[in-house]
Amino acid sequence: MKTLVIGAAGQIGQQIVAQLHTQSNHTPIAQVRRTEQLERYHRRGIEARRVDLEDDVAALCKGMRGCDAVIFSAGSGGATGFDKTLLIDLDGAVKCMEAASACGIQRFVMISAFGADHREDWNPEIKPYYVAKHYADRLLLASGLDYTIIRPGRLTDEPAKGRVGTEPGADGERSIPRADVAQVAVAVLDADNARCKAFDLVSGTRSIDALIRSL
C-alpha cells in the first residue's frame, strides 16, 4: 500500500513516515511544502512530493497519483494566525478529500483534535482551531470516503507508551505522546474494524491493537 502522508514535515507526520518506512507492506510518500524538506526525505531514500495545501484541487490530486491511501496530519501550527487555520486545517483538508475522491483513493485517515465533535469541549482560546477541525471532520464523514478520524488529546513529546484509551483519565488528563498517535494512525490503515470510525485518543491502559479491536 502506497500511503501519502500529508503534513510529513510535522512532528506526527515525520513519525508516521518513519514507521511506514520500516514496514514491508507499506510504502510512505511524504508530502511537504518546502524544497529543503523534500530533499531531507530524498536523502533517506523516501519518496517525497512538494505540494502546498493552499494550491487548487487539481494540484493536490496530481500529488496523490499512484497512492492507495492518505493520512492527513497537517496543521497550520501555533505560530500562525487563525486565517491559516482556516486555509490549512479546514479548506486544505477538504480539498484533499476532494482530490482523493477525484483520484479514486478511498482510504483516508484524519488526525483531528480531542472533543472536536463536541462544541462544549472546545478551548475558547483556540476556538477557531476547533471550528476548523469540527467542520473538516463533518465533511469527511459525508464524503463517501473510507475514513478513520483520530482525535488525539494534548500532544506531548514523551516516548511512546503503547497504552491508549478513548476517555480522559480519572484526573481528567487528556494527554498522549505524538509517537503513540503516529502508531495508531499507522495501525488503523489496514484495520477493517477502524473503517468508517471516529474516536478520541489519549494515553490509557489498553494496547493499540486492543483499542482498535474495540471500535
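Refer to the structure printed above.
In what follows, the accompanying structure is described. (Residues numbered from 1 in each chain as written. Predicted model: local features only at pLDDT ≥ 70, side-chain atom pairs only at ≥ 80, totals over all residues. Heavy atoms only, no water.)

### Let's talk about the nonpolar core
Right, on to step 1. Among the nonpolar cores identified, the biggest contains 33 residues, and Ile16, Tyr41, Ile150, Val188 and Leu201 are the most heavily contacted of them.
Right, on to step 2. The set of elements that each furnish at least two residues to this core consists of helix H1 (11-21), strand S2 (27-32), helix H2 (35-43), strand S4 (69-72), strand S5 (107-111), helix H6 (178-188), strand S10 (197-203) and helix H7 (208-214).
Right, on to step 3. Per-element accounting of this core gives the leading share, six residues, to H6.
Right, on to step 4. In contact with Leu201, other than residues within four places in its own chain, are Phe114, Ile150, Arg151, Pro152, Gly153, Val164, Gly165, Ile176, Val181, Val184 and Leu211.
Right, on to step 5. Core analysis: the next-biggest nonpolar cluster, separate from the first, contains 29 residues, Ala74, Ile88, Cys96 and Ala132 among them. (Core = buried A, V, L, I, M, F, W, Y, C linked by side-chain atoms within 4.5 Å. Buried < 20%, exposed > 50% of the residue type's maximum accessible area, 1.4 Å probe, protein only. Helix = DSSP H or I, 4+ residues; strand = E, 2+ residues; numbered from the N terminus. Contact = heavy atoms within 4.5 Å.)

### Describing the pattern of salt bridges
Any two side chains of opposite charge can pair, given that their charged atoms come close.
Right, on to step 1. Overall, the coordinates contain 12 salt bridges when judged by the stated rule.
Right, on to step 2. A salt bridge links Asp91 to Lys95; its shortest N-O distance comes to 3.8 Å. Taken together, the residues span about one helical turn, with Asp91 and Lys95 both in helix H4 (residues 82-103) at a distance of four residues.
Right, on to step 3. What makes Asp91 partly exposed here is its relative accessible area of 34%.
Right, on to step 4. For Lys95, a relative accessible area of 11% corresponds to the buried category.
Right, on to step 5. One network of salt bridges, in which partners are shared, links Arg107, Asp146, Asp192 and Arg195. (Salt bridge = Lys/Arg side-chain N within 4 Å of Asp/Glu carboxyl O.)

### Some points on the state of the cysteines
Right, on to step 1. Tallied over the full model, the rule gives one disulfide.
Right, on to step 2. A sulfur-sulfur distance of 2.1 Å marks the disulfide that ties Cys61 to Cys103. Here Cys61 is found in helix H3 (residues 57-64), whereas its partner Cys103 is found in helix H4, with 42 residues between them in sequence.
Right, on to step 3. Among the residues examined, Cys103 registers a relative accessible area of 26% and is labelled partly exposed.
Right, on to step 4. Cys103 provides the cysteine sulfur closest to Cys67, a residue in no disulfide bond, and the two sulfurs are 8.4 Å apart.
Right, on to step 5. Overall, the relative accessible area of 9% leaves Cys67 in the buried class.
Right, on to step 6. The cysteine Cys96 is free of any disulfide, with Cys103 supplying the nearest cysteine sulfur at 10 Å.
Right, on to step 7. A residue is classified by how much of its surface remains accessible, and Cys96, at 0% relative accessible area, is buried. (Disulfide = S-S within 2.5 Å.)

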